[in-house]
Amino acid sequence: MNLQRIFPSYILIALIACLLFGTVPVLGAGSNAESIEYVNGVVLSIQSLDVAPNKKVGISSKSLVTILLTSGAESGKQVQSINYITNQPLFDISPSPGDKIILAVSDVQNEKQYHIADYNRLFPTYILVGLFILSLLILGKTIGIKTIFVICFSIVIILKGMIPLILNYHWNFIIATMLVCAVITAITQITISGWNSKTWGAILGTVGGVVIAGVLAAISISWMHLTGLDSEEAMMLKVTTLTFMNFQEVLFAGIILGSLGAVMDVTISIASTQYEIKQSCPHYGFREIFNSGINVGRDVMGTMANTLILAYTGSSLPLVFLIASQDNVSFMRIMNLNIVATEITRALTGSIGLICSIPLTAVITAFLLSRKHSK
């Protein structure tokens with residue numbers, strides 16, 4: 001039986017599994033928060049209003065915003081909302097005429113009130129997604145289609161598989177994360193590279209590297225007493241809807257998922273090179289194939305490890321500026337901050353897992369290719 005011919009059935013099974021997962025709600029966990037209705041609108045005009053200075057309230061200005069509703073039951077209706085400015089960039093929204101916004105609708109004494117919630121950013125997002133897909137299809141063609149599939153599969157399996165397993169069925173975080181990583185790795189590598197020795201070498205090497213990164217992450221989180229509450233989103237969840245959750249486990253899952261993509265990239269590069277060398281030089285044995293994989297791995301290691309470090313540094317750039325601006329804070333205090341230690345742990349454990357995946361992939365792929373040749 002030719003596995004390459006029957007492999008599309010595995011893709012079909014994966015799609016069916018995604019549809020089944022789609023029937024499970026992403027968020028459960030007993031959130032009692034009342035649902036808020038949101039509608040879209042376009043700003044028509046803005047009229048400044050007088051405001052009495054009040055340091056306690058912190059309102060510096062306010063304006064009357066006239067908005068045309070573009071969605072919901074009252075689409076086409078013009079409504080008005082008072083927009084307050086408090087000089088806090090994190091919360092202030094200062095729309096201009098023509099801007100698309102989102103309105104939160106509330107009922108106060110049987111009268112609907114509209115509050116500006118945020119800008120409507122969906123259209124630019126769709127444009128970026130369209131350009132991304134178009135570039136994949138133009139350059140990659142068939143591989144581009146496969147790439148779109150594995151990206152969608154990865155997103156769906158995390159949102160509709162991993163999160164419901166943890167929130168609704170209370171699976172162990174480590175087991176759920178490792179299972180999802182293994183499934184994503186297998187589907188991605190097999191879809192892109194086919195069913196052959198290089199694919200299985202890359203899969204096993206990736207899983208091995210991720211497991212090593214996971215072990216180091218778990219030890220580091222416990223040893224360094226990291227809380228996982230290193231962001232506003234985590235702290236907000238902890239005090240509101242997910243008070244029962246262990247955010248050290250959330251941190252563990254984030255570290256593993258963050259390193260998975262880079263590890264997969266390295267392993268398939270090594271395995272593909274070994275495969276091509278074996279195809280060109282069928283007389284090569286285990287030692288020659290292994291050495292070629294290690295040599296390629298050394299070249300890839302520097303850039304990919306640097307990629308991980310730069311990715312985490314870029315996402316933490318505000319933190320870097322905050323540290324750099326504190327001249328009177330000691331280096332020892334800075335390095336022992338929970339948020340700093342967390343980012344260092346993210347970068348280094350993922351990089352170590354990536355480095356360890358290189359010899360694992362080289363050994364496994366060399367063994368599979370030499371074993372296949374001997375048969």
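Up top is the structure.
Our subject in this report is the structure included herewith.

Rules behind the numbers
Residues numbered from 1 in each chain as written. Predicted model: local features only at pLDDT ≥ 70, side-chain atom pairs only at ≥ 80, totals over all residues. Heavy atoms only, no water. 1 Å grid on protein atoms, 1.4 Å probe; cavity = no way out; pocket = protein on both sides within 12 Å on 5 of 7 lines; lining within 4 Å. Points joined across faces, edges and corners; volume = space filled by probe spheres on them. Nonpolar A, V, L, I, M, F, W, Y, C, P; charged D, E, K, R; others polar. Phe/Tyr/Trp six-rings, centres within 6.5 Å; stacked < 30°, edge-to-face > 60°. Helix = DSSP H or I, 4+ residues; strand = E, 2+ residues; numbered from the N terminus. Buried < 20%, exposed > 50% of the residue type's maximum accessible area, 1.4 Å probe, protein only. Patch = residues over 30% accessible without salt bridge, like charges linked within 9 Å, V, L, I, M, F, W, Y side chains within 5 Å. Areas by Shrake-Rupley, 256 points an atom, 1.4 Å probe, with all protein chains shown as cover. Salt bridge = Lys/Arg side-chain N within 4 Å of Asp/Glu carboxyl O. Pairing = 2+ DSSP bridges. Expected span 1.5 Å × (residues − 1). Polar contact = N/O pair within 3.5 Å; in protein donor to acceptor, adjacent residues only side chain to side chain. Lys, Arg positive; Asp, Glu negative; His and termini not counted. Contact = heavy atoms within 4.5 Å. Bend = angle between axes of the 7 residues up to and from the residue.

Describing empty space enclosed by the protein
Thought 1: Per the stated rule, a full pass over the model turns up one cavity of 30 Å³ or more.
Thought 2: If you add up the space inside the largest cavity, you get close to 40 Å³.
Thought 3: The wall of the largest cavity is formed by Glu37, Val39, Leu69, Gly72, Ala73, Glu74, Val105, Lys112 and Tyr114.
Thought 4: Of the residues contributing to the lining of the largest cavity, the split by class is five nonpolar, one polar and three charged.

Concerning the packing of aromatic side chains
Thought 1: On inspection of all chains with the given rule, the structure shows three aromatic pairs.
Thought 2: Measuring from ring centre to ring centre gives 6.0 Å for Phe286 and Phe290, while their planes differ by 5°; the resulting arrangement is stacked. In this pair, Phe286 and Phe290 are both assigned in helix α8 (residues 286–315), four residues apart and thus about one turn of the helix distant.
Thought 3: On the basis of relative accessibility, which here comes to 36%, the residue Phe286 falls in the partly exposed class.
Thought 4: The class for Phe290 is partly exposed, based on a relative accessible area of 23%.

Focus on a nonpolar patch on the surface
Thought 1: Taken together, the side chains of Phe123, Ile127, Leu128, Leu131, Leu134 and Ile138 present a nonpolar region at the surface, about 640 Å² in accessible area.
Thought 2: Considering the arrangement of structural elements, one finds Leu128 in helix α2 (residues 122–140).
Thought 3: Classification of Leu128 as exposed rests on a relative accessible area of 58%.

What about the pairing of strand β3 (residues 78–85)?
Thought 1: Here β3 shows a clear split, with Val79, Ser81, Asn83 and Ile85 buried on one side and none of Gln78, Gln80, Ile82 and Tyr84 buried on the other.
Thought 2: Looking at chain direction, strand β2 (residues 61–69) and β3 are connected through eight bridges and run antiparallel. The residue of β3 that forms the bridge with Leu64 is Ile82.

Observations concerning helix α5 (residues 197–223)
Thought 1: Here α5 is 27 residues long and its end C-alpha atoms lie 39 Å apart, about the 39 Å a rise of 1.5 Å per residue gives.
Thought 2: Where α5 begins, the capping side chain belongs to Asn196, and its oxygen is found 3.4 Å from the backbone nitrogen of Lys198.
Thought 3: Just past α5, the residue His225 takes up positive phi, approximately 55°.

Here's the deal with the side chain of Asp92
Thought 1: Structurally, Asp92 can be placed in the loop between β3 and β4 (100–108).
Thought 2: For the buried Asp92, no salt bridge exists, and the shortest N-O distance to an oppositely charged side chain is 12 Å, to Arg121.
Thought 3: At a separation of 2.8 Å, a polar atom in the side chain of Asp92 contacts the side chain of Thr86.
Thought 4: Apart from residues no more than four positions distant in its own chain, Asp92 is found in contact with Tyr84, Ile85, Thr86 and Asn87.

What to know about the pattern of salt bridges
Thought 1: What the rule picks out here adds up to four salt bridges.
Thought 2: The partner of Arg346 in a salt bridge is Asp230, with the nearest N and O atoms 3.3 Å apart. Of the two residues, Arg346 sits in helix α11 (residues 338–374) while Asp230 sits in the loop between α5 and α6 (232–239), which places them 116 residues apart along the sequence.
Thought 3: For Glu343, the salt bridge identified is with Arg346, shortest N-O distance 3.4 Å. In this pair, Glu343 and Arg346 are both assigned in helix α11, three residues apart and thus about one turn of the helix distant. Accessibility classification places Glu343 together with Arg346 in one group, the buried group.
Thought 4: Where salt bridges share partners, they join Asp230, Glu343 and Arg346 into one cluster.

So, helix α3 (residues 142–167)
Thought 1: Under the 1.5 Å per step criterion, the end-to-end length of α3 is 37 Å for 26 residues, consistent within 8% with the ideal 38 Å.
Thought 2: At Ile157, α3 shows its maximal bend, which comes to roughly 30°.

So, to be careful, I would describe these as geometric facts and stop short of saying anything about function.
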